[in-house]
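Read off the chains here:
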Amino acid sequence: MGFFNKEAETMSRGEIEAVQLERLRQVVRRCYDNVPFYHKRLDEAGVDPDRIRALSDIQYIPYTTKEDIRDNYPCGLFAVPKSQVVRIHASSGTTGKPTVVGYTQNDLEVWSELVARICAAAGATADDVAQICFGYGLFTGALGLHYGLEKLGCMVVPTSSGNTERQLMLMKDLGTTAVIATPSYAMYMAESARELGYAKGDFQLRLGILGSEGCTPELRDKIEEAWGIFVTDNYGMSELMGPGVSGECELRCGLHFAEDHFLPEIVNPATLEAVPDGQPGELVITTLTKEAFPLLRYRTKDITRITKEPCACGRTHARMDKTTGRSDDMLKIRGVNVFPSQIESVIMNIKEVAGHYQLVLRRQGYTDTLEVNVELVDNTLLEKYSELEKLTQKVHDALKVTLGLDCPVTLVQSKSLERFAGKAKRIVDLRDKS
Ligand code: ZN
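Basis of the calculations
Residues numbered from 1 in each chain as written. Predicted model: local features only at pLDDT ≥ 70, side-chain atom pairs only at ≥ 80, totals over all residues. Heavy atoms only, no water. Domains from an automatic or database assignment. Donors = N, O, S within 2.8 Å, 3.2 Å for Na, K, Ca; no water. Tetrahedral: all angles 85-135°; square planar, octahedral: opposite > 155°, others 65-115°. Buried < 20%, exposed > 50% of the residue type's maximum accessible area, 1.4 Å probe, protein only. Core = buried A, V, L, I, M, F, W, Y, C linked by side-chain atoms within 4.5 Å. Helix = DSSP H or I, 4+ residues; strand = E, 2+ residues; numbered from the N terminus. Contact = heavy atoms within 4.5 Å. Phe/Tyr/Trp six-rings, centres within 6.5 Å; stacked < 30°, edge-to-face > 60°. Lys NZ or Arg CZ within 6 Å of the ring centre and 35° of its normal.

### Considerations on the domain arrangement of the protein chain
Then step 1. Along its sequence, the protein chain is organised into domain 1 (1-125 + 134-149 + 228-327) and domain 2 (331-433).
Then step 2. Just the C-alpha atoms count here: the centres of domain 1 and domain 2 sit 34 Å apart.

### Structural notes on the coordination of the zinc ion
Then step 1. On the protein side, the zinc ion has Cys249 (SG), His256 (NE2), Cys311 (SG) and Cys313 (SG) as donor atoms, found 2.2 to 2.3 Å from it.
Then step 2. Geometry at the zinc ion is tetrahedral, judged from the four donor atoms that bind it and their angles of 102 to 116° at the metal.
Then step 3. If you list the donors of the zinc ion from N- to C-terminus, the spacing comes out as C-x6-H-x54-C-x1-C.
Then step 4. A relative accessible area of 8% places Cys311 in the buried class.

### Considering the nonpolar core
Then step 1. Within the largest apolar cluster, 71 residues are counted, with the highest numbers of intra-cluster contacts made by Leu24, Cys119, Leu145, Leu149 and Ile180.
Then step 2. Per-element accounting of this core gives the leading share, nine residues, to helix H5 (residues 105-121).
Then step 3. Ignoring anything within four residues of it in the chain, the contact list for Cys119 reads Ala124, Leu145, Leu149, Leu152 and Ile209.
Then step 4. Membership of the second largest hydrophobic core comes to 47 residues, among which are Leu168, Ala226, Ile229 and Leu361.

### Brief notes about the packing of aromatic side chains
Then step 1. Under the defined criterion, the tally for this structure stands at seven aromatic pairs.
Then step 2. Measuring from centroid to centroid gives 5.0 Å for Phe37 and Tyr38, while their planes differ by 70°, and the two rings are edge-to-face. Across the pair, exposure class does not vary: Phe37 and Tyr38 are buried alike.
Then step 3. Where Phe134 meets Phe139, the ring centres are 5.6 Å apart and the plane angle is 90°; that geometry is what we call edge-to-face.
Then step 4. Judged by relative accessible area, Phe139 falls into the partly exposed class, the value being 31%.
Then step 5. Each residue in the set Tyr198, Phe203 and Trp227 is aromatic and connected to the rest through ring pairs, giving one cluster.
Then step 6. Here the basic side chain of Arg297 rests over the ring of Tyr63, its NZ or CZ set 4.3 Å away from the ring centre.

### A few points about unusual backbone geometry
Then step 1. That bond from Tyr73 to Pro74 is cis: its omega, -10°, falls within 30 degrees of zero.
Then step 2. By the secondary structure assignment, Pro74 is in the loop between helix H4 (66-71) and strand S1 (87-91).
Then step 3. With a phi close to 50°, Arg252 is a non-glycine residue in the positive phi region.
Then step 4. By the element assignment, Arg252 lies in the loop between strand S8 (242-248) and strand S9 (255-257).
Then step 5. The class for Arg252 is partly exposed, based on a relative accessible area of 23%.
Then step 6. Although it is not a glycine, Lys415 adopts a positive phi angle of roughly 65°.
Then step 7. Structurally, the position occupied by Lys415 is in the loop between strand S20 (409-412) and strand S21 (427-429).

Right, dumping it as structure tokens:
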């Protein structure tokens with residue numbers, strides 16, 4: 001099992017907690033002294049930074065939300081002067097202004113190390129040729145993986161997103177062994193390779209370090225089969241740093257946090273009370289070492305579970321489940337809570353459909369309705385009415401069993417749904433238009 005920093009990644013629980021407590025005290029102090037927003041928040045909550053004596057004292061610290069970041073746009077939450085900031089990233093805001101984050105030189109060092117850790121855990125080594133198919137720019141995915149993989153010693157090929165024909169040509173000619181992309185783009189590249197007449201033997205690909213959007217185990221299986229590679233998932237978000245917050249090891253039994261740099265908690269999203277280890281809830285993270293943009297108890301809106309049981313890989317840091325969906329992404333259809341990932345799992349398990357799908361939301365009166373469009377593998381089925389009918393019913397019934405919901409299903413022609421080079425946009429929301 002490859003480690004990038006074995007000493008840090010295999011500390012005992014007692015050592016991890018000692019490091020976390022020391023760093024928690026430091027980050028709360030730093031926020032209090034340098035960020036007016038936190039100074040006011042902590043005063044209002046009656047939290048004296050010097051009185052953080054145990055990790056459990058974190059419960060007295062108020063949460064930070066995406067709205068807090070937005071309210072302090074662009075740099076109001078920075079804890080260092082701009083002269084010490086050496087990099088800016090931003091996440092695309094769905095409404096208006098983006099979320100701007102900053103890094104000091106030391107923040108970039110830590111970031112590269114944590115990405116190197118997850119890539120080593122995924123099986124990457126200095127011998128790998130790593131092709132980064134994420135769009136370069138303000139988005140943290142591309143540059144985050146770029147510097148982390150360089151730190152690990154890989155030969156990095158920064159192709160960025162799009163231009164699939166050129167991606168595949170370079171992948172073949174340079175002998176790329178690791179692909180870094182969104183799961184949906186990795187799948188699309190496999191389809192394109194087939195169409196362009198490449199054979200599996202043309203490529204030396206062995207690893208997929210995929211991220212930046214959710215990936216069900218079923219989609220992962222399809223990608224592994226299509227490319228003949230081993231795929232791991234990782235987790236991060238620009239507010240927290242970018243990729244590198246947690247990642248799967250080769251055993252794929254949860255995503256290991258970098259607990260010496262992040263303190264994760266799970267809370268009930270409705271009551272905001274702590275949830276015991278092993279129970280699902282919203283992931284809340286405190287950044288322990290970030291200098292430019294520290295966050296105290298940041299509500300990620302991602303739903304997951306945490307276990308602190310040591311892993312058979314030797315890593316002792318807590319593991320989170322793959323996120324089952326963001327609390328923001330949850331759809332409420334006729335009173336039933338539905339996560340798009342549940343629908344994906346169902347569709348990926350039906351072999352006659354290609355794994356590409358689209359969810360259409362509409363509003364009828366006061367309720368939301370969901371229609372599911374699913375792409376066929378084989379277009380000849382479109383001419384066989386009774387078989388088409390049977391398959392439609394099969395998809396419908398499988399969705400009904402999993403979701404507890406009747407939703408209309410339409411089978412559409414192979415390759416008729418849009419493909420994406422970045423995050424897939426599978427939800428078409430017509431609720432304001434109907
Ligand atoms: Zn492990």
